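Secondary and tertiary structure notes
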Amino acid sequence: VSTQSTGQKRAAMDLLEDNNLCGRRILTVVGRGNAIIAELLRMSDHVPPIFRLNDKDDANKYGRIIFDFKWLTLQETLDESIHNDDDLLEMDQDFQESHTVVLERFYTLFESMYLYIKDLLQFFADLEEGSYIQYSIDGMLADGDGKQLICEAVYLYGVMLLLMDMKIPGVVRERLIVAHLRYTGTSELYEHTEVCRLCKSTEYSPAGKRPEAWPEEMFSRFEIPSHILRAVIGRLRSDDMYNQRAAFPNPEHRSAAFAGQAAMLYVVLFFSPETLPVSYTHLTLPTKRIV
């Protein structure tokens, strides 16, 4: 029994060792998540203004070749309207030449976000199926490094969604994706259906009224299993995941000590809107502790 217990403890301690496939996998996922967010912030500052169609002249001129997701259902009709007009066809070809590189980079960004989500959900599924014999979801969340990585992976997923919607407006995302699909061809882009589902406009605008069910609807497009969410929320709510109590021993500094963890919890709660009921009178004790 003691040998088995020692082996379990050693496996837990070795999560971040190079030869630990489970640890390497979730560490790679989290690293990719941070890189994707950095790229998203970079690219959000380089959205070609023409795709916003804010200028009336641009809208009149390019509105006939720049489409949102309506193109997905009216592809034949819209493409035919371009091919039947020589001037429009020439303008479309010139537009393609001048924007191919930036369109490919934006599409790669959106696709990498989807692939991050896909790999994260597959990692959770593999843990559930016992692909890593010495680890489970509960076991990972009981490990100091494991719970940090699991919670950070879910948090990064949420941050990606929020930044995408705040930095690159939904209608602009749709136009960028459709332009790339038109010029590249859907047969060459195997994940385009899922990318479109992920990036579909929420109609959110920083200067406008908050849309109904925003951002919860966006967070529900590729759902994390509810029992995993509950476990992650529980750890963020109750654990000192980053050992901040030692750095902030004064009880009056508790808010400062857990500010970073609270920010993570705030984002993760968008995946589980039922956790915080609208009415405070219906809050359970754990939920009141979150508040």
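Just above sits the structure.
The sections below set out a description of the structure shown in this document. (Residues numbered from 1 in each chain as written. Predicted model: local features only at pLDDT ≥ 70, side-chain atom pairs only at ≥ 80, totals over all residues. Heavy atoms only, no water.)

So, on to the nonpolar core. By size, the foremost hydrophobic cluster in this structure holds 87 residues, and its most contacted members are F110 and Y116. Looking at this core element by element, the count peaks at 16 residues for helix α5 (residues 86-129). Excluding residues within four positions of it along the chain, F110 makes contact with M164, I168, R173, I177, V195, L198 and C199. (Core = buried A, V, L, I, M, F, W, Y, C linked by side-chain atoms within 4.5 Å. Buried < 20%, exposed > 50% of the residue type's maximum accessible area, 1.4 Å probe, protein only. Helix = DSSP H or I, 4+ residues; strand = E, 2+ residues; numbered from the N terminus. Contact = heavy atoms within 4.5 Å.)

Right, let's talk about helix α7 (residues 144-167) for a bit. The terminal C-alpha atoms of α7, which comprises 24 residues, lie 34 Å apart, in line with the 34 Å expected from a rise of 1.5 Å per residue. Most of α7 is tucked away: 17 of the 24 residues are buried. (Expected span 1.5 Å × (residues − 1).)

With that out of the way, let us pick up the pattern of salt bridges. One pass over the structure, following the stated rule, counts 12 salt bridges. Measuring nitrogen to oxygen at the nearest pair gives 2.9 Å for the salt bridge that ties D239 to R235. (Salt bridge = Lys/Arg side-chain N within 4 Å of Asp/Glu carboxyl O.)

It is worth spelling out the packing of aromatic side chains at this point. Evaluated as defined, the whole model comprises 11 aromatic pairs. Ring centres of Y204 and W214 lie 4.1 Å apart, and the angle between their planes is 10°; on these two criteria the pair is classed as stacked. One end of the pair, Y204, is in the loop between α9 (192-199) and α10 (216-219); the other, W214, is in the loop between α9 and α10, with 10 residues separating them in the sequence. By relative accessible area, which is 9% here, W214 ends up buried. Ring geometry for Y266 versus F270: centroids 5.3 Å apart, planes at 80°, classification edge-to-face. Judged by relative accessible area, F270 falls into the buried class, the value being 13%. Taken together, the ring pairs in this structure connect Y157, F219, Y266, F270 and F271 into an aromatic cluster. The ring of F222 is capped by R197, whose NZ or CZ atom sits 4.2 Å from the centre of that ring. (Phe/Tyr/Trp six-rings, centres within 6.5 Å; stacked < 30°, edge-to-face > 60°. Lys NZ or Arg CZ within 6 Å of the ring centre and 35° of its normal.)

Let us look at the state of the cysteines. A covalent bond bridging the sulfur atoms of two cysteines is what the word disulfide describes. According to the stated counting rule, one finds 0 disulfides in the structure shown. C22 forms no disulfide, and the closest cysteine sulfur to it belongs to C151, at a distance of 14 Å. Classification of C22 as buried rests on a relative accessible area of 1%. Cysteine C199 remains unbridged, with the sulfur of C196 as its closest cysteine sulfur at 7.6 Å. You can call C199 buried: its relative accessible area is 0%. (Disulfide = S-S within 2.5 Å.)

With that out of the way, let us pick up the packing of α5 against helix α8 (residues 170-184). Across the interface, α5 lies against α8 with an axial gap of 8 Å and an inter-helix angle of 115°. Accordingly, the angle class assigned to the pair α5 and α8 is roughly perpendicular. Along this stretch, α5 crosses α8, giving a crossing that reads as left-handed. Facing D92, F95, Q96, L103, E104, F106, Y107 and F110 of α5, the residues of α8 in contact are R173, L176, I177, A179, H180, L181, R182 and Y183. When its residues are assigned to classes, the contact of α5 with α8 shows 10 nonpolar, 2 polar and 4 charged. (Axes fitted to C-alpha atoms, helices over the stretch in contact; angles between N-to-C directions. Parallel < 35°, antiparallel > 145°, perpendicular 65-115°, else oblique. Left-handed = near helix turned anticlockwise from the far one by under 90°. Nonpolar A, V, L, I, M, F, W, Y, C, P; charged D, E, K, R; others polar.)

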